[in-house]
Amino acid sequence: MTLRETGAGVEPRVPSPLLPVEDVRLRGVRLFLKRDDLIHPEVTGNKWRKLKHNLTAAAGHERILTFGGAYSNHIRATAAAGRLHGFETVGVIRGEEHLPLNPSLAYAVSRGMRLTYLDRAAYRRKTEPAVLDRLREEWGDFYLLPEGGSNAHAVRGCAELPAEVGVPYDVICCPAGTGGTLAGIAAGLPPGARAIGFSVLKGGAFLTGEVARLQTEAYGGPRGFWHVETGFHFGGYAKSTPELDAFAAGFADRHGIALDPVYTAKMMYGVYALAGRGVLAPGARVVAVITG
Ligand SMILES: *Cc1c(COP(=O)(O)O)cnc(C)c1O
């Protein structure tokens with residue numbers, strides 16, 4: 001069962017649109033935007049790709065349980081997808097409950113998700129049997145989706161993206177949080193192309209191991225030519241600087257696209273910076289995935 005086959009809610013828009021960008025600041029790099037943010041109004045962007053095969057795998061379970069921070073796009077998307085596909089959903093949120101709920105969690109609850117909270121110490125142990133057993137006692141049987149939804153099914157869903165692009169390209173870029181999206185995209189590359197993931201987290205070097213681990217989980221070993229850029233985190237997850245804000249505002253002015261400050265603005269800043277340094281060479285065809 002895929003989102004398309006059930007016909008539940010709005011039909012997903014796949015392949016997502018590809019849009020060329022004209023900008024002298026790109027120094028001759030030929031940039032295309034892969035607009036995954038337009039795939040589905042509720043299950044947006046890379047979260048749709050990551051959930052697609054997980055929803056099939058979850059058949060036979062009544063509920064899906066997953067983990068995330070209080071502002072997690074994955075929590076929102078899982079709540080929406082659960083409602084569309086007839087699964088109960090449980091969101092295990094890092095930290096303490098804060099009332100009133102922030103807009104992300106209020107949205108998840110509006111889609112039927114039930115929330116529970118783990119303090120930071122317990123949250124760090126969330127993959128350990130003791131913590132999962134306690135959650136099973138509390139909630140009953142569930143299909144377990146890891147934090148950020150990144151597992152082998154998610155990787156396979158994201159691996160379907162590169163073949164959708166429809167024009168030849170040299171490099172494909174995406175933001176990286178847990179690395180699941182990069183792992184998939186890199187695994188699906190056409191011959192000769194490479195992938196760059198821009199870490200949105202400080203200390204993103206660990207992502208290299210994570211991406212390799214996820215590819216091994218999905219395919220038995222590393223796949224494709226890819227690397228992680230660690231220099232564009234702007235202070236860490238959900239942090240920003242005036243420079244990044246000014247870049248995103250300028251991009252919105254020139255191209256009419258609001259980049260999200262947590263993920264796609266950092267990637268796009270990185271793409272322009274690499275074009276400015278000639279690391280992405282004049283004439284190179286570069287696809288930037290607007291993941292949400
Ligand atoms: C969740 C998310 C990401 C990160 O994807 P990972 O697979 O965790 O690396 C990137 N962009 C957007 C918009 C997201 O919501």
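None of the values given here were measured: they were computed from a predicted structure.

Chemist: When you look at the pairing of strand 9 (residues 226-229) in this model, what are you seeing that I'm missing?
Modeler: Two faces, one strand: in a regular strand the side chains alternate between the faces of the sheet. Two elements, strand 8 (residues 194-199) and strand 9, share four bridges in a ladder whose sense is parallel. Paired with Ile196 across the two strands is His227, which belongs to strand 9. Read from strand 8 through helix 9 (residues 206-219) to strand 9, the crossover connection turns out right-handed.

Chemist: Could you clarify how one ought to interpret the side chain of Asn151 in this entry?
Modeler: By secondary structure assignment, the location of Asn151 is in the loop between strand 6 (143-145) and helix 7 (152-158). According to the relative accessible area criterion, Asn151 is buried, its value standing at 8%. Within the structure, Asn151 has its side chain in polar contact with the side chain of Asn54 (distance 2.9 Å). The contact partners of Asn151, leaving out residues within four places of it in the chain, are Asn54, Tyr143, Leu145, Pro146, Leu214 and Glu217.

Chemist: Is there a simple way to think about the sheet that holds strand 2 (residues 30-34) in this case?
Modeler: Neighbouring strands of a sheet are bound in pairs by backbone hydrogen bonds; such pairs are parallel or else antiparallel. Spatially, 1-2-10-7-8-9 is the arrangement adopted by the six strands of the open sheet, whose pairing is mixed. Two strands lie at the open edges of the sheet, namely strand 1 (18-21) and strand 9, each paired on one side alone. Along the sheet, successive strands turn relative to each other by an average axial angle of 25 degrees, direction set aside. Here strand 7 (residues 171-176) runs beside strand 10 (residues 285-289); their pairing, made up of three bridges, is parallel. Within strand 10, the residue paired with Cys173 across the bridge is Ala288. Packing of helix 8 (residues 180-187) onto the sheet brings it into contact with strand 7, strand 8, strand 9 and strand 10, and relative to strand 8 it is tilted by some 175 degrees.

Chemist: Would you explain the environment of Phe198 in this entry?
Modeler: With respect to the helices and strands, the residue Phe198 is situated in strand 8. Since its relative accessible area comes to 0%, Phe198 is described here as buried. Separated by 65 residues in the primary sequence, Phe198 and Tyr263 have C-alpha atoms spaced 8.7 Å apart.

The rules behind each value
Residues numbered from 1 in each chain as written. Predicted model: local features only at pLDDT ≥ 70, side-chain atom pairs only at ≥ 80, totals over all residues. Heavy atoms only, no water. Pairing = 2+ DSSP bridges. Helix = DSSP H or I, 4+ residues; strand = E, 2+ residues; numbered from the N terminus. Right-handed = clockwise from strand over helix to strand, strands pointing away. Buried < 20%, exposed > 50% of the residue type's maximum accessible area, 1.4 Å probe, protein only. Polar contact = N/O pair within 3.5 Å; in protein donor to acceptor, adjacent residues only side chain to side chain. Contact = heavy atoms within 4.5 Å. Axes fitted to C-alpha atoms, helices over the stretch in contact; angles between N-to-C directions.

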